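Structural description and commentary
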Amino acid sequence: MGKYLNVGNAGFMAARKGTYIDKTGLITFINSTLGTKNKLTCVSRPRRFGKSFAAQMLCAYYDKSCDSRSLFDGLEIAKDPFFEKYLNQYDVIYLDITEFISDAFIKKKMQDVVIDLERRVIEELSNAYPDVERQNDLPNMLYSIAEATGNKFIFIIDEWDALFREVQHDAVLQEIYIKLLRGLFKNSGKTDKMIEAVYMTGILPIKKYGTQSAMSDFLEYTMTQPEPLEAFVGFTEQEVKALCANSELSFKDVQRWYDGYILGNNTHVYNPKSVIEAIRRKRIGNYWIQSETYESLRLYIELNRDGLKESIVQMLGGAHIKIDVTTFQNDMTTIKTRDDVLTLLVHLGYLAYDIDHKSVFIPNEEIGEHFVRAVTTGKQSKNKYKLKPPCILVYTKSRGLLFTGFHPIIYFPELTGVSTTLPL
C-alpha cells in the first residue's frame, strides 16, 4: 500500500462511518467501461459536490491491496452480478493534483510540478515491481510493467484540472501536463495494453484549443451534459427527502434553499455539502462558501461584458437567460463574452443550466445570497443600499427589495413579469 499506488480503502471507510448516501451505482457504470474503448471517463462538477468521495469509493472497490467486501455490504453495487468479478482486482494509481501543486508552491518550484508527479509515481512503481527495468517517464514505466506482468492499471485522478485553475497563466506548464495525460491516455494499442480504466474528476471540462478538445478520447460528463451520470452529481430529491425524514428540518425548507440544479431526465440535484451541514447543525443556512473562487471571477463581472450585470440582476428576479455554452474554452482565462462567464458560473455551481431551453438561472436561495453580495459590493456600488442614481431596484417575493448601482431600471419581475424604466 503506497501514497499513489494502491492507497487502500481508508477514505471510503471514513465516509461509511458518517452520513452516507449510496452512490455505488457509479461503480456499475465504470465496470461497464473496463477494458473497452469507452474506458476514459472525465466527470466535472462544482466544489463540495462529492468528487473526492466518489474517487475514494472507486479506490476502495478496485484496489487489490485491500479487502473492501464488508464496506459494500448492503449497498447497491453488492447486488450487481459483476460485483465479485472486479472487487479488489487491480493496481490503482490515485492522484490528487492539488497535492502536487501545494508541494511545488511550498518548494517554490511550480515549473517542476509535472516532473515531480512522474518521479514520485515511478518511484512507487519501481518498488512494487523491482524486476521491471525502471523507465524515465511514466507512460513507458507503465507499459514496461504491463509487458512484463500482464497487469493493467486503473487511474483515479482527483482535481485533474487544478493546474488550469491555480496556475492559470502558465501556458507552458499546462502544455507539459496535457502532453503527459495524452501520453498516458490516448486510445491506442499501447494504452489498451496498460490501462483498464480512467476516472478523472474536476471542476472544469477538458480544455479546448480552438474547437478541439485537448484530450478528445475522453468521454465527458459535465454540468451542461451530465447524462447518464446526473444522479451522481449531488444528492437527488429522493435522497434529500429520506435525510429530512430523519432530521428536524422540513423538506420544503431544504428544497427552497438548496434545490434548483435540474439535470437530465428532470433530475433535481442538491449540493451535498449544504444539505449535510444544514441537517448536522439543525439549521438552514448558507454553507457553500467559495469566496476565493468567486473573487477570481469578480474581474469578469466588473467588466460587464455584453450586459452581464444586468443579466445577473434579472436572474435575481427569477429570469432565465438564454446563453450559448459552446464558445467556452473550459478555462478561466480565455473569457471573451458574457456567455463565457455565465457558462463558467454553471461549471462552478453558481448557476443552473436548462439544457432543453439553453438558458441559465440562479438555482436557489443559498446561491442567490452569493449573487446579492456580489452585485452590492462591487466597485460601482460602494454606497450599497443608498438610492443614489443611476440605480436598479429588484423586487422578489422571497428576497425583498435589493439595490444595486448600474442602470436606471426598476424590476418587478415576480409581480408583473416586465421591467419598467423610471428616472430615479
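Scroll up to find the structure this text is about.
Below is a summary of the structure that appears in this document.

The rules behind each value
Residues numbered from 1 in each chain as written. Predicted model: local features only at pLDDT ≥ 70, side-chain atom pairs only at ≥ 80, totals over all residues. Heavy atoms only, no water. Buried < 20%, exposed > 50% of the residue type's maximum accessible area, 1.4 Å probe, protein only. Helix = DSSP H or I, 4+ residues; strand = E, 2+ residues; numbered from the N terminus. Arc of directions from axis to C-beta. Contact = heavy atoms within 4.5 Å. Pairing = 2+ DSSP bridges. Axes fitted to C-alpha atoms, helices over the stretch in contact; angles between N-to-C directions. Phe/Tyr/Trp six-rings, centres within 6.5 Å; stacked < 30°, edge-to-face > 60°. Lys NZ or Arg CZ within 6 Å of the ring centre and 35° of its normal. Polar contact = N/O pair within 3.5 Å; in protein donor to acceptor, adjacent residues only side chain to side chain. 1 Å grid on protein atoms, 1.4 Å probe; cavity = no way out; pocket = protein on both sides within 12 Å on 5 of 7 lines; lining within 4 Å. Points joined across faces, edges and corners; volume = space filled by probe spheres on them.

**Section: helix 12 (residues 251–258)**
Among all positions in helix 12, only Phe-251, Val-254, Trp-257 and Tyr-258 are buried. Angularly, the buried residues of helix 12 cover 135° about the axis, an arc narrow enough to put them on a single face. Backbone geometry just downstream of helix 12 places Gly-260 in the positive-phi region, at approximately 130°.

**Re the environment of His-268**
Position of His-268 among the secondary structure elements: in strand 10 (residues 267–270). For His-268 and Gln-238, which are 30 residues apart along the polypeptide, the C-alpha to C-alpha distance reads 9.0 Å. Beyond its immediate chain neighbours, meaning those up to four positions away, His-268 contacts Phe-235, Thr-236, Glu-237, Asp-259, Tyr-261 and Ile-262.

**Brief notes about the sheet that holds strand 1 (residues 40–44)**
Strand order in this open sheet of five strands is 2-3-4-1-7, and the pairing throughout is parallel. Two strands lie at the open edges of the sheet, namely strand 2 (91–96) and strand 7 (219–221), each paired on one side alone. For this sheet, the mean angle separating the axes of adjacent strands, direction not counted, is 15°. Where strand 3 (residues 153–158) and strand 4 (residues 195–202) come together, six bridges link them in parallel fashion. Residue pairing for strand 4: Asp-158 is matched across the bridge by Thr-201. Packing of helix 3 (residues 51–62) onto the sheet brings it into contact with strand 2, strand 3 and strand 4, and relative to strand 3 it is tilted by some 160°.

**Brief notes about the sheet that holds strand 10**
Taken in spatial order, the three strands of this open sheet run 8-10-9, and their pairing is antiparallel. On the outer flanks of this sheet lie strand 8 (235–236) and strand 9 (261–263), each paired with one strand and no other. For strand 8 and strand 10, the ladder comprises two bridges, and the chain directions are antiparallel. Bridge assignment links Thr-236 to a residue of strand 10, and that residue is Val-269.

**Quick notes on the packing of aromatic side chains**
Evaluated as defined, the whole model comprises 17 aromatic pairs. With centroids separated by 6.4 Å and ring planes inclined at 50°, the aromatic side chains of Phe-164 and Tyr-177 adopt a geometry described as tilted. Note that Phe-164 is positioned in helix 8 (residues 162–166) and Tyr-177 in helix 9 (residues 171–185), a separation of 13 residues in sequence. Note on Tyr-177: relative accessible area 2%, which makes it buried. The rings of Phe-12, Tyr-20, Tyr-61, Tyr-62, Phe-72, Phe-83 and Tyr-90 are connected pair by pair, giving a single aromatic cluster. Residue placement shows Lys-190 over the ring face of Tyr-143; its charged tip is 5.5 Å from the ring centre.

**Some remarks on the side chain of Thr-191**
The topology assignment puts Thr-191 in helix 10 (residues 189–194). Here Thr-191 falls in the buried class, since its relative accessible area comes to 1%.

**Digging into the pairing of strand 2**
Most of strand 2 sits out of view: six of its six residues are buried. As judged from the six bridges shared by strand 2 and strand 3, these two strands associate in the parallel manner. Note that in strand 3 the partner of Asp-96 across the bridge is Asp-158.

**What about the side chain of Asn-271?**
Position of Asn-271 among the secondary structure elements: in the loop between strand 10 and helix 13 (272–281). Polar side-chain contacts of Asn-271 include one of 2.9 Å to the backbone nitrogen of Lys-273.

**Overview of the layout of surface pockets**
By volume, the largest pocket is sized at about 640 Å³. For the largest pocket, the lining is made up of 28 residues, of which Phe-49, Gly-50, Phe-53, Phe-235 and Pro-272 are closest to its centre. Counting residues per element, the ones that place at least two in the lining of the largest pocket are helix 1 (10–17), helix 3 and helix 13. Counting residues per element, the lining of the largest pocket draws most heavily on helix 3, which supplies five residues.

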